[in-house]
Amino acid sequence: MRKIQVMFSMMMLLMTVLTVSKVEAKEIEATPTMTDILLNDELYTAGVYNIEGNNYFQLRDVAQILSEGSSKFDIGWDQKNKMIQIIPKKQYSFDYATYDYAKDDSYNITYNETKLLKDDKIFSMKAYIIDNATYFQLRELSAILGIEVGYDAKENKVTVKTEPIAGVHYIGKVNFDGTNLKSGEHPRWAEPVTSFIYENSNNTITTVDVNDEITITTYDPNYKVQATKELKLELPIFGTFYSGEQFNYISYGQENKEETNKEVIRVVKYDKNFNRIAAASITGDAITTTIPFNSATGRMAEQGDVLAYHTSRTRYTGDDGLNHQSQLTFEINTQTMQVMNELKPFPWNHVSHSFDQYVLFDGNSPVYLDHGDAYPRSLVLNRGNSKDNSKSIFEISGATGANVTGVSIGGFEQSNDHLLVAFNSINQNNNYGYTSFDLVGGDVNKRNIYVYAVEKGFTKEQGNIIKTEIANYEKSNLYTTTPTLVKVNNDKFVVLWQEYTENSNAEDFKFVYLNGKGEMTSAVQTLPDFELSKVQPIVINNKLIWFTTKGNKKTVYEMKMD
């Protein structure tokens, strides 16, 4: 009897506790509001709930706001401990930002003492569950996340400071949304690069960003803006930009699907302040072109008064009724801005389709690199205006003309004795099916990184190739970008790449040093908080320098070399 009474008393007590909790939950008032957050001098506006005079943030909103920099974290669920897990140094994945959404003024809310797990340590936090989402005070999260939280009463803003990352500099905003980051997903062909950086003779640095207009920004060595300039595109399609020794060059184009002799490509010469000087104009009939710069990148190089421009085009309708794509090569006299080479539908260095193009000068001789899917189906070098100097350096499996190749080029440089080609590729020895749309039986993004060093003076039949595998991802759960190849001097090169997860989340930034034969001279090294873009880095004072754009945020990276 006594046991029954005790159990009855305990049940009544429990019911009382539950009833009180329920009453207390009903009495909680949460006011939806928008609050400004100054994160390292960058302004964000977030939707929060104000409860008893304190702002409470949804955890995923905090993860989004801190998704870049030293305090970035991912959110997981620890099944063993049944609690939310904070995963530091991992980028939170989201398709679009939701932190700036206003919160609902109709909600269900309960107080809940919540435990968070980070690095095997358990933290008890005051929290509220609002419509099945967990909300915390930012100040209480600060110790866990490694951030400094304050309040600017004059400006009525929450201030958040994170630990600076050595070599990473936020330098402002661009006037468009988008990104120039390299990806772990690889399309069948390249596309024009729209972000560039170069050093000026007065120790300033200039960046070029192309969107609806061309934005030119010059910075001092501390990345303070010194000058800006906007250029309108002279023709609707942007081709490429090149910073030469004395002049700058930009190529523009327009479609010519009617197949007439109108201007299709214009290469404009500017002085170093981007004042227009002259232009080379190339018409449709001269190059039998309907779409310039199609399905490729295109690049320039100069030697003396010669500007070599290696790009692509879609040609006039052929005898088979189709419009085929192939490389397109110009050699322009920069004094007269006249095209010097003979323009033919099928020139000596014909490559079709050509899905990426590079060019450099070996002495006075231009050397062209193409990514071909048919004629030839390989990475191919052409030198010296002769088919005898055409050399396929990496054969690609699959049927002639199958657009899927599983290969992407990342860089082309030269040492004293060798031409260095950096690229990634699937395992071409596997029994895959190659079509123009899919890699049957394989993952087209599961690639390894290589550098091939080809002897200068090669011919079709001669010229040794030193083949170096830089990184192998065949059995990894990670993916890689195309590699970036940077020349430091004739016997020192650096290969850069970024790792990605299957869900396209950026992981570690990797790099390794090479000698003039493309051989690795160091172990592969890691910079966990760096990001790699399509910008070709420059070398200044033993540092590699490039920038990224993400959303409308522009960030410079300085990688100090050994």
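Nothing here was measured: the structure is a model prediction, and the numbers come from that model.

Engineer: Help me understand the overall build of the protein in this model?
Structural biologist: Broken down by element type, the protein carries four helices and 41 strands. Taken along the three principal axes of its C-alpha coordinates, the protein extends 105 × 55 × 50 Å. Residue burial in the protein is summarised as follows: out of 562 residues, 52% are buried. Across the protein, contacts joining residues at least 24 apart in sequence account for 54% of those joining residues at least 6 apart. By element, 47% of the accessible surface of the protein is carried by carbon and sulfur atoms, the whole surface being about 26,500 Å².

Engineer: Just to check I follow, could you spell out unusual backbone geometry for this structure?
Structural biologist: Trans is the prevailing form of peptide bonds, just as negative phi is the prevailing case for residues other than glycine. Cis peptide bonds are those with omega within 30 degrees of zero, and the linkage from serine 352 to histidine 353 qualifies with -15°. Tracing the backbone shows histidine 353 in strand β25 (residues 352–362). A cis amide bond, omega 0°, links tyrosine 375 with the succeeding residue proline 376. A positive phi angle is found at lysine 89, which is not glycine, with a value near 65°. Relative to the helices and strands, lysine 89 is located in the loop between β5 (83–88) and β6 (109–118). Owing to a relative accessible area of 45%, lysine 89 belongs among the partly exposed residues under this scheme. At phenylalanine 274, a residue that is not glycine, the phi angle is positive and equals roughly 65°. By secondary structure assignment, the location of phenylalanine 274 is in the loop between β18 (263–270) and β19 (276–283). On the basis of relative accessible area, phenylalanine 274 is assigned to the buried category, the value being 4%.

Engineer: For this particular structure, what's the right way to read empty space enclosed by the protein?
Structural biologist: Where empty space is left can be seen by rolling a probe of water-molecule size over the atoms. Enumeration according to the criterion identifies one cavity of 30 Å³ or more in this entry. Its volume calculated, the largest cavity comes out at about 70 Å³. Surrounding the largest cavity, Ile37, Leu39, Phe57, Val62, Ile65, Leu66, Leu138, Ile147 and Val160 form its lining. Breaking the lining of the largest cavity down by element, the ones donating at least two residues are β1 (31–39) and α2 (59–65). Looking at the lining of the largest cavity, its residues break down into nine nonpolar, no polar and no charged.

Engineer: Just checking my understanding: could you explain the nonpolar core for this structure?
Structural biologist: If you look at the biggest cluster of nonpolar residues, it comprises 28 residues, and the most contacted ones within it are Ile37, Val62, Phe73, Leu138, Leu141, Leu145 and Val160. Elements represented by at least two residues in this core include exactly β1, β2 (42–51), α2, β5, β7 (121–130), α3 (138–145), β9 (147–152) and β10 (157–162). Aside from chain neighbours lying at most four places away, what touches phenylalanine 73 is Leu59, Val62, Ala63, Leu66, Ile86, Ile87, Pro88, Lys89, Lys90, Gln91, Tyr92 and Leu145. Listed in part, the 25 residues of the second largest apolar core include Ile205, Val486, Tyr513 and Trp546.

Engineer: How do you make sense of the pairing of strand β8 (residues 133–137) when you look at a structure like this?
Structural biologist: Sheet faces and side chains relate simply in a regular strand, where the side chains alternate between the two faces. Among the five residues that make up β8, five are buried, leaving the element largely enclosed by the rest of the structure. Side chains of β8 alternate between two faces, with Ala133, Tyr135 and Gln137 and Thr134 and Phe136 buried alike. Relative to β8, strand β3 (residues 54–58) runs antiparallel, the two sharing three bridges. Across the sheet, tyrosine 56 pairs through a bridge with glutamine 137, a residue of β8. With four bridges joining them, β7 and β8 adopt antiparallel strand pairing. Bridging from a neighbouring strand, alanine 127 pairs with phenylalanine 136 of β8.

Engineer: Would you mind going over the pattern of salt bridges with me for this structure?
Structural biologist: Opposite charge on two side chains lets them pair, provided their charged atoms get close. Per the counting criterion, the structure on display carries 23 salt bridges. For glutamate 42, the salt bridge goes to lysine 553, with nearest N and O atoms at 3.4 Å. Separated by 511 residues along the polypeptide, glutamate 42 in strand β2 and lysine 553 in strand β41 (residues 543–560) bring together distant segments of the chain. Residue glutamate 42 shares its accessibility class with lysine 553, and that shared class is buried. Ionic pairing is found between aspartate 362 and lysine 456, a salt bridge with its closest N-O pair at 3.5 Å. Taken as a pair, aspartate 362 in strand β25 and lysine 456 in the loop between β33 (448–455) and β34 (465–471) lie far apart in primary sequence, 94 residues in all.

Engineer: Looking at this structure, how should I read the side chain of glutamine 58?
Structural biologist: As for its placement among the helices and strands, glutamine 58 is situated in strand β3. In this structure the side chain of glutamine 58 is engaged in a polar contact, spanning 3.3 Å, whose partner is the side chain of lysine 103.

Engineer: Is there a simple way to think about the environment of threonine 548 in this case?
Structural biologist: Take threonine 548: it is sitting in strand β41. When the C-alpha positions of threonine 548 and tyrosine 500 are compared, they lie 16 Å apart, and in sequence the two are 48 residues distant. Beyond its immediate stretch of four places on either side in the chain, threonine 548 contacts Asn180, Leu181, Glu531, Ser533, Lys553, Lys554, Thr555 and Tyr557.

Engineer: Just to check I follow, could you spell out the sheet that holds strand β17 (residues 248–253) for this structure?
Structural biologist: Each strand in a sheet pairs with another by means of backbone hydrogen bonds, the pair being arranged parallel or else antiparallel. With respect to topology, four strands assemble into an open sheet ordered β16-β17-β18-β19, the strand pairing being antiparallel. Since the sheet does not close on itself, it has two edges, and those belong to β16 (237–243) and β19, each with one partner. Each neighbouring strand pair of the sheet contributes to a mean axis angle of 15°, computed without reference to strand direction. Note that β17 and β18 share six bridges and pair antiparallel. Among the inter-strand pairings, isoleucine 250 is bridged to a residue of β18, identified as valine 268.

Engineer: I keep staring at the environment of glycine 53 and nothing clicks. Help me out?
Structural biologist: Considering the arrangement of structural elements, one finds glycine 53 in the loop between β2 and β3. On the basis of relative accessibility, which here comes to 60%, the residue glycine 53 falls in the exposed class. Measuring from C-alpha to C-alpha, the distance between glycine 53 and alanine 422 comes to 58 Å, with 369 residues separating the pair along the chain.

What counts and how
Residues numbered from 1 in each chain as written. Predicted model: local features only at pLDDT ≥ 70, side-chain atom pairs only at ≥ 80, totals over all residues. Heavy atoms only, no water. Helix = DSSP H or I, 4+ residues; strand = E, 2+ residues; numbered from the N terminus. Buried < 20%, exposed > 50% of the residue type's maximum accessible area, 1.4 Å probe, protein only. Contact = heavy atoms within 4.5 Å. Areas by Shrake-Rupley, 256 points an atom, 1.4 Å probe, with all protein chains shown as cover. 1 Å grid on protein atoms, 1.4 Å probe; cavity = no way out; pocket = protein on both sides within 12 Å on 5 of 7 lines; lining within 4 Å. Points joined across faces, edges and corners; volume = space filled by probe spheres on them. Nonpolar A, V, L, I, M, F, W, Y, C, P; charged D, E, K, R; others polar. Core = buried A, V, L, I, M, F, W, Y, C linked by side-chain atoms within 4.5 Å. Pairing = 2+ DSSP bridges. Salt bridge = Lys/Arg side-chain N within 4 Å of Asp/Glu carboxyl O. Polar contact = N/O pair within 3.5 Å; in protein donor to acceptor, adjacent residues only side chain to side chain. Axes fitted to C-alpha atoms, helices over the stretch in contact; angles between N-to-C directions.

Read these as spatial facts, not as claims about activity.
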